[in-house]
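Residues per chain, in single letters:
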Amino acid sequence: MKRLITIIALLVPALLFAQGKMEKAPVAQEEGTVLEYMTTDKDGKTNLTKQEVISVKDEGGKRIVRIKDLSLTPEETEGIPQELYDNIGTMTYGITENAWYIDLIGYISNMLKASMTVIENEAGVDEMPEGFDFNVDIGESENPVFPISMKPGDALSLKPIKIKIKISIISMSSEITFDRYECTGRETVTVPAGTFDTYIIEEEMTNKAKAFGISNKEKEYSKTWYAPGIGNVKSQTLDKKGRVVSESVLNSITKK
């Protein structure tokens, strides 16, 4: 009995320490938390969006957090099956003691599936046989993994994500290349939801998409202020000269 008590006494502080480090990841981690963001474009027009933490589960030394976008409109999801609709509106995060990641592979795959489903429905393609599924090829792609926190000067080299999806005669592909991911500072930021200690990430990505033999390539620039236990409290999309195209700030945090 004494031995068991000793083991528990040793394990509990270690578990609490790990939990504490998990809490510091820049991801909201309390089920029922609703984050509202206000986005302002370069013309001064504003738009409100909401996200809700719909599930938090600790398993195998890892915390899985699912956050759902509550702002998708019926027009955006028309012709998409309910299960797929739920998937494209939900982002999954994984948090360990020292790192966190976003399931971009799952999210992009679901977005491509949704696009193909809409195209299939609009084209009037006959219903697929029972049990037929999309052929998803991710090759050697891996989700990007980030440290719990970063300090100015820290930079990551992240592998590209390449995804191909095919169903019947329709095929689509997406490739994301992380050209730059760097912490450029720390800042105490005040937004409508409150005041937060943050670290700043500047990011450059190249997004290549291909469908029906037509290719599209876009370069994206962004700057994000991350707060522990919350996520981004402020973010900007930029043009290639560093000018702000749009800005989003955390407008409120509420609990259901």
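Definitions and limits used
Residues numbered from 1 in each chain as written. Predicted model: local features only at pLDDT ≥ 70, side-chain atom pairs only at ≥ 80, totals over all residues. Heavy atoms only, no water. Helix = DSSP H or I, 4+ residues; strand = E, 2+ residues; numbered from the N terminus. Buried < 20%, exposed > 50% of the residue type's maximum accessible area, 1.4 Å probe, protein only. Polar contact = N/O pair within 3.5 Å; in protein donor to acceptor, adjacent residues only side chain to side chain. Contact = heavy atoms within 4.5 Å. Patch = residues over 30% accessible without salt bridge, like charges linked within 9 Å, V, L, I, M, F, W, Y side chains within 5 Å. Areas by Shrake-Rupley, 256 points an atom, 1.4 Å probe, with all protein chains shown as cover. Salt bridge = Lys/Arg side-chain N within 4 Å of Asp/Glu carboxyl O. Lys, Arg positive; Asp, Glu negative; His and termini not counted. Charge placed at Lys NZ, Arg CZ, Asp CG, Glu CD. Core = buried A, V, L, I, M, F, W, Y, C linked by side-chain atoms within 4.5 Å. Phe/Tyr/Trp six-rings, centres within 6.5 Å; stacked < 30°, edge-to-face > 60°. Lys NZ or Arg CZ within 6 Å of the ring centre and 35° of its normal. Pairing = 2+ DSSP bridges.

J.: Hey, could you run me through the side chain of Thr206 in this one?
T.: Here Thr206 is to be found in strand E10 (residues 194-211). Assessed through its relative accessible area of 9%, Thr206 is described here as buried. Of note is the side chain of Thr206, whose polar atom sits 2.6 Å from the side chain of Asp179. Dropping the residues within four chain positions of it, Thr206 is found in contact with Glu175, Ile176, Thr177, Asp179, Lys217, Glu218 and Lys219.

J.: Before we go on, may I ask you to explain a positive patch on the surface in this structure?
T.: Taken together, Lys162, Lys164, Lys208, Lys210 and Lys217 make up a surface patch of like positive charges. For the positive patch, the secondary-structure elements that each account for two or more residues are strand E8 (161-167) and E10. With respect to the helices and strands, the residue Lys217 is situated in strand E11 (residues 214-227).

J.: Explain the nonpolar core to me, please; I cannot follow it from the model alone.
T.: The nonpolar side chains of a soluble globular protein tend to be buried with one another. Core analysis: the largest hydrophobic core is formed by 45 residues, its most contacted members being Tyr93, Ile95, Trp100 and Leu250. The element that contributes the greatest number of residues to this core is strand E9 (residues 170-191), accounting for 7 residues. Contact partners of Leu250, with chain neighbours within four places excluded, come to Leu35, Glu36, Tyr37, Val191, Pro192, Ala193, Phe196, Ile230 and Val233.

J.: Can you walk me through the pattern of salt bridges in this structure?
T.: Working definition: two side chains of opposite charge can pair if their charged atoms are close together. Overall, the coordinates contain 12 salt bridges when judged by the stated rule. Its salt-bridge partner being Asp154, residue Lys151 comes within 3.4 Å of it at the nearest N-O pair. Using a relative accessible area of 23% as the deciding quantity, one classes Asp154 as partly exposed. Beyond isolated ion pairs, a larger network of salt bridges with shared partners links Asp179, Arg180, Glu182, Glu202, Glu204 and Lys219.

J.: Would you explain the packing of aromatic side chains in this entry?
T.: Taken as a whole, this structure holds 5 aromatic pairs when the rule is applied. Among the aromatic residues, those joined into a cluster by ring pairs are Tyr93, Trp100, Phe146, Tyr181, Tyr199 and Tyr226. Here the guanidinium or amino end of Lys234 rests over the ring plane of Trp225, the centre of that ring lying 4.5 Å away.

J.: Can you walk me through the pairing of strand E13 (residues 244-255) in this structure?
T.: On a regular strand, one side chain projects to one face of the sheet and the next to the other, so that they alternate. Alignment of strand E1 (residues 33-41) against E13, held across 9 bridges, turns out to be antiparallel. Bridging across to E13, Thr33 finds its partner in Lys255. Direction of pairing for strand E12 (residues 231-238) relative to E13: antiparallel, over a ladder of 5 bridges. Looking across to E13, one finds that Leu238 is bridged to Val244. From the end of E12 to the start of E13, which pair antiparallel, there are 5 residues, and Gly242 there has a positive phi angle of about 85°.

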